[in-house]
Amino acid sequence: MNANEQADFKHGSFTIEQVAAFEHQVTGVSVSEDKRIFVNFPRWTEDTAVSVAEVLADGGVKPYPDAEWNAWRNAKKDEISPEDHWVCVQSIVADGRGSLWVLDPAAPAQSHMVSGGAKLVQIDLASNKATRTIAFDEDIAPQGSYLNDVRFSPDGKYAYITDSGVVGAIIVVELESGKPVRLLDGDDSTQMKKGLNVKADGEVLRRPDGRGVEFSADGIELSGDGAYLYWQAIKGDTLYRIPTEVLHTTGLAGGDVSGSVEEYGLNEVADGLLIPKGTNVMLLTSVEVDAIRARNLDEGPQAPIRTLVQDARLRWPDTFSQGPDGTVYVTTSHIQDSAFFKPDAPPALPTQLWKLSPKK
C-alpha cells in the first residue's frame, strides 16, 4: 500500500518531492488509472510548442496525443484549424474510465477567444487517439470567457466546467448527447469578489497597468459521492456548493439554479481544489502563502483550515491530481513570476510538478 493511501489529511503533515521540471508554464496535471502522468502548458506569455504532454519516466515530455494536435501556433492562426488543434489548453483530466479529457478555452494570453476553438476533447488512452470533440459556441463560451477546469460525475454522464473569465459561470455538459448549458452566469457565486486583492510574497499582485489578479470561478471539485459540486473564484475566498441533482434536472432544462447555491464557508484565496479519494477533506492550493492547506468538510462551513505543507518552492501551487495509488500531485505555475506581473520575466517560465509525501 502506498504511503499516501494511509495519509492522514485531517491531522498529518507532508513534504513535497519534485517529479518533473519544465521549461514552460504548466497549469494542469492528471494521472490516469494506469499511472501515466499528463500535463498541459497554456499559451499565456509564450507561443509554446507543446500544449499537452505525457511526462516520461525520465521527467521529459512527449506531445500528446501527437505532434499534429500540438501544431497550433499563434503566428499561424490563419493557417491552422482551431477545431482539431490545441489553441490554449488550460486543464486536463483523466476520468478513470480509459479517457483523458482536454479542456481548451482557446484564448491565448487569456485574451481574445479564437472562434471555433473552445472545446472539450476526449482521448482514448489505449489508442492515444482523439475520439470525440464537444465544441462550445458563443452561447456557452462567449467572448471574454476562459474555460478553466473540469470534473466528471462518478457515473461518467456529466461534465462540470468553471468559466473564470470576465463573467464567471458554471457549464454543465450532458456527455451522452453532448448538450452543454451555461448556468450561474453573472451570479455572485461565480464572480470575482470586489475589494479583495490577491497577494504574493506578502504584497498585492498587480500588473504594470495596475490591474490585479482577475479570475472568476476557477477551482472546482465534486464530493466523493458526486452529490455536490464545489467551486470558488481565485479573486475570492468563499467556497460555494450546489447539489448536482439540481444541475442535472433544473439546470439542463434551462432553469435558474441560483436558489440552490449554498455558501460553504471561507477557503481563503485558493486555485486548485481536491477531495482525496475516501475522504471528505478538501485540499486547497493556498497561492498567497506557498502552501497546501486543508479543511474537513464533515465539520461544516465553519471548519478550520490547517496547513499540510508550506514550502517556498510551492510558487503558486495550481492544480491537483491523485494517482490510483493515492499519491497526490500538484503543479506550481509561478503565476506571480510571469511576464503578466513582472515585465522583465522570460516568456518561457520554468515550472515544476510535485508529489506530496506524509512526514514520517
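Going by the structure above, here's the rest.
Residues numbered from 1 in each chain as written. Predicted model: local features only at pLDDT ≥ 70, side-chain atom pairs only at ≥ 80, totals over all residues. Heavy atoms only, no water.

### Digging into the sheet that holds strand β25 (residues 328–332)
Thought 1: What the four strands build is an open sheet, ordered β1-β26-β25-β24; its pairing is antiparallel. The strands lining the two open edges of the sheet, one partner per strand, are β1 (14–22) and β24 (317–322). Each strand axis lies, on average, 25° off the axis of its neighbour in the sheet, ignoring direction. (Pairing = 2+ DSSP bridges. Helix = DSSP H or I, 4+ residues; strand = E, 2+ residues; numbered from the N terminus. Axes fitted to C-alpha atoms, helices over the stretch in contact; angles between N-to-C directions.)

### With respect to the sheet that holds strand β22 (residues 291–296)
Thought 1: The antiparallel open sheet is built from four strands, whose spatial order is β20-β21-β22-β23. Looking along the sheet, the strands with just one partner apiece sit at the ends: β20 (273–274) and β23 (305–310).
Thought 2: The sheet contact formed by β20 and strand β21 (residues 281–286) spans two bridges and is antiparallel. The partner of Leu274 across the bridge, within β21, is Leu283.

### Regarding the side chain of Arg315
Thought 1: In this fold, Arg315 is placed in the loop between β23 and β24.
Thought 2: Within the structure, Arg315 has its side chain in polar contact with the side chain of Asp201 (distance 2.6 Å).
Thought 3: Look past the residues within four positions of Arg315 in its chain and what remains in contact with it is Asp201, Asp290, Thr332, Ser333, His334, Gln336, Asp337 and Lys342. (Polar contact = N/O pair within 3.5 Å; in protein donor to acceptor, adjacent residues only side chain to side chain. Contact = heavy atoms within 4.5 Å.)

### Quick notes on the environment of Val269
Thought 1: Mapping Val269 onto the fold places it in the loop between β19 (262–266) and β20.
Thought 2: The class for Val269 is buried, based on a relative accessible area of 5%.
Thought 3: Discounting chain neighbours no more than four positions away, the residues touching Val269 are Leu196, Val198, Gln232, Ile234, Gly236, Asp237, Thr285, Ser286, Val287 and Glu288. (Buried < 20%, exposed > 50% of the residue type's maximum accessible area, 1.4 Å probe, protein only.)

### Things to note about the packing of aromatic side chains
Thought 1: Enumeration over the complete set of coordinates arrives at eight aromatic pairs.
Thought 2: Seen from their ring centres, Trp231 and Tyr240 are 6.2 Å apart, and the 20° between their planes marks the pair as stacked. The pair formed by Trp231 and Tyr240 is uniform in burial state, with each residue classed as buried.
Thought 3: When the ring centre of Phe340 is taken as reference, the NZ or CZ atom of Arg207 above it lies at 4.4 Å.
Thought 4: Note that Arg241 overlies the ring of Tyr228, its terminal NZ or CZ placed 3.8 Å from the centroid. (Phe/Tyr/Trp six-rings, centres within 6.5 Å; stacked < 30°, edge-to-face > 60°. Lys NZ or Arg CZ within 6 Å of the ring centre and 35° of its normal.)

### A few points about the pairing of strand β13 (residues 179–183)
Thought 1: One ladder, built from five bridges, connects strand β12 (residues 169–174) with β13; its direction is antiparallel. Bridging across to β13, Ile170 finds its partner in Leu183.
Thought 2: The antiparallel hairpin formed by β12 and β13 contains four residues in its connecting segment, where Gly178 sits at a positive phi of about 80°.

### Topic: helix α1 (residues 244–251)
Thought 1: Thr244, Val246, Leu247, His248 and Gly251 are the residues of α1 that are buried.
Thought 2: On its buried face, α1 sits against β11 (158–163), β12, β13, β16 (217–222), β17 (228–233) and β18 (238–243).

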